[in-house]
Amino acid sequence: MKQYTKEQLKEIYRTRRNTLAAKLREYDTGACVFIDSEEHRDPAVAYFTNHANDAVLIIFSDGYSVLIAWDENLAKQNAFYDKLVPYMRYKNDAKDATKAILNACATHAENSKVELPPYLTYPDYLKFIDSLNNYDCRCKEDGLHKFVVESRMIKDEYEIECTREAARVGDLIIDEIESQIKNGKIQTETDVALLIEKMLRENGCQRTGFDTLAAGPSRSFAIHAFPGYTAAQWPAQGLSILDFGVVYNGYTSDTTLTVAKGPLTPAQEKQLELVQKAYDAALNLYKPGRPIMDAAKKCDSVFAAAKRKMPHGLGHAIGLEIHEQPRVNPRVAPEKVFKPGMILTCEPGLYDVEIGGTRLENDVLITEDGNEVITHSRIIRI
């Protein structure tokens, strides 16, 4: 991966905050508040500062930012901001922290209008309103927070580089999994899950993007098997699924491979063929300017021709969260199109209690003239 200096990273995060500040001025709003907590994780805090979690972030209309962090030492090491304030100063109370910083930094806001997070509960919203009685508080579904979500759909160069590195490590793991399946080292669902945990850390990643899902033939009929993995044999004769992602600098990959261990039934062979066909047909439509719904409809038509139906969407964007906007499904508004800089999954799947499950998932970067598949998951036959 390309190496970035601290100054370069500082400028990347400042540019993101300045983009929001320009929107604040356009919306005639003085400040915008983000709260990342156990009650609700908001990736916008990491997006604007590189701080891991548990913080309040306030960005003012002139671009000035105040990070109110629970872990002050971690923030000093890793985060980018204009001012850092320890959360404990306000006893970890987001309402009190917000009030204090708005009062202390009033000169950075062009007016007293403040946008609060739309994910506040109604009782908490009322508490904020009561506390911030000198401010004109707004809490809107279609306001600045929605603008941030939409901004995060298009990855900048640094985000693409981080996701590419997560994809590279994920590919190393997939190759090793195939090798260890064939030499008999992987025997159970737990074996493969623990191999992923070990290898991702050995290769500079932070964690899995979500709980690994390893399901042998007796459990692969589930879209997301529960529990994620057990001591059951994996892979066994039939169709086994493995769904996992790894996180590099906050950005996750997301891949699913199917292991087909013979001999297989005609129905299993047909299901493998259908999923591969749907994947190839849909992937061809992941192109800039194409309606997102077209790819989803194409996948559904492949399955419908065989009188089968996929019980989930074709894909979703990835980034700081495992499921980001936009989603790739037929219900997406027709005006939504693939745009350069989007990174989305393509993951057709079919599931049957008798046949077992088959899913093939890779991560796709939309480029100026087409797409680039940045992961290399596949159907593995043994």
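As a reminder, the structure under discussion sits directly above these lines.
Residues numbered from 1 in each chain as written. Predicted model: local features only at pLDDT ≥ 70, side-chain atom pairs only at ≥ 80, totals over all residues. Heavy atoms only, no water.

## Description of the packing of aromatic side chains
Piece 1. For the coordinates displayed, the defined rule picks out seven aromatic pairs.
Piece 2. Note on Phe60 and Tyr64: the rings are 6.4 Å apart at their centroids and 45° apart in plane angle, and the pair reads as tilted.
Piece 3. Residues Tyr286 and Phe338 carry aromatic rings whose centres are separated by 4.7 Å and whose planes lie at 25° to one another, so their mutual orientation is stacked. Pair noted here: Tyr286 is in the loop between helix H9 (266-283) and helix H10 (292-305) and Phe338 is in the loop between strand S14 (324-328) and strand S15 (343-346), with a separation of 52 residues, a long-range link. Here Tyr286 and Phe338 have matching classes, each one buried.
Piece 4. One aromatic cluster is present, built from ring pairs that chain together Tyr4, Tyr13, Phe80 and Tyr158.
Piece 5. Lying across the ring of Tyr13, Arg16 places its NZ or CZ 4.8 Å from the centre. (Phe/Tyr/Trp six-rings, centres within 6.5 Å; stacked < 30°, edge-to-face > 60°. Helix = DSSP H or I, 4+ residues; strand = E, 2+ residues; numbered from the N terminus. Buried < 20%, exposed > 50% of the residue type's maximum accessible area, 1.4 Å probe, protein only. Lys NZ or Arg CZ within 6 Å of the ring centre and 35° of its normal.)

## Here's the deal with the side chain of Thr163
Piece 1. Residue placement: Thr163 occurs in helix H7 (residues 157-182).
Piece 2. Among the polar contacts listed, one links the side chain of Thr163 to the backbone oxygen of Glu159, at a separation of 2.8 Å. (Polar contact = N/O pair within 3.5 Å; in protein donor to acceptor, adjacent residues only side chain to side chain.)

## A short note on unusual backbone geometry
Piece 1. For the bond from Trp234 to Pro235, the omega torsion is -10°, close enough to zero to count as cis.
Piece 2. Take Pro235: it is sitting in the loop between strand S8 (213-215) and strand S9 (238-244).
Piece 3. The residue after Gln325, namely Pro326, is reached through a cis peptide bond having omega 5°.
Piece 4. Of note, Pro326 is situated in strand S14.
Piece 5. In this model, Asp28 sits at a positive phi of 55°, which is unusual for a non-glycine residue.
Piece 6. For Asp28, the position within the fold is in the loop between helix H1 (6-26) and strand S1 (31-36).

## Digging into the pattern of salt bridges
Piece 1. All chains considered together, the criterion is met by 26 salt bridges.
Piece 2. Lys95 is paired through a salt bridge with Asp96; the nearest N and O atoms lie 3.2 Å apart.
Piece 3. Between Glu189 and Arg219 there is a salt bridge, and its shortest N-O distance comes to 3.0 Å. Placement of the pair is Glu189 in helix H8 (residues 189-202) and Arg219 in the loop between S8 and S9, with a sequence separation of 30 residues. Of the two residues, Glu189 and Arg219, both sit in the buried class.
Piece 4. A single network of salt bridges, built from pairs that share partners, joins Arg152, Lys155, Glu321 and Glu324. (Salt bridge = Lys/Arg side-chain N within 4 Å of Asp/Glu carboxyl O.)

## What to know about the sheet that holds strand S11 (residues 251-252)
Piece 1. The strand order across the open sheet formed by three strands is S7-S10-S11, and the pairing between neighbours is antiparallel. Taken across any chain shown, the strands that pair with only one partner, and hence form the sheet edges, are strand S7 (207-208) and S11.
Piece 2. Taken together, the two bridges between S7 and strand S10 (residues 246-248) define a ladder with antiparallel strand orientation. Residue Thr208 lies in a different strand from S10, and its bridge partner there is Val246. (Pairing = 2+ DSSP bridges.)

## Quick word on the side chain of Thr212
Piece 1. Tracing the chain through its elements places Thr212 in the loop between S7 and S8.
Piece 2. Classification of Thr212 by relative accessible area gives buried; the value is 4%.
Piece 3. Leaving out residues up to four positions away in the same chain, Thr212 has contacts with Ala193, Ile196, Gly228, Tyr229, Leu242, Asp243 and Phe244. (Contact = heavy atoms within 4.5 Å.)

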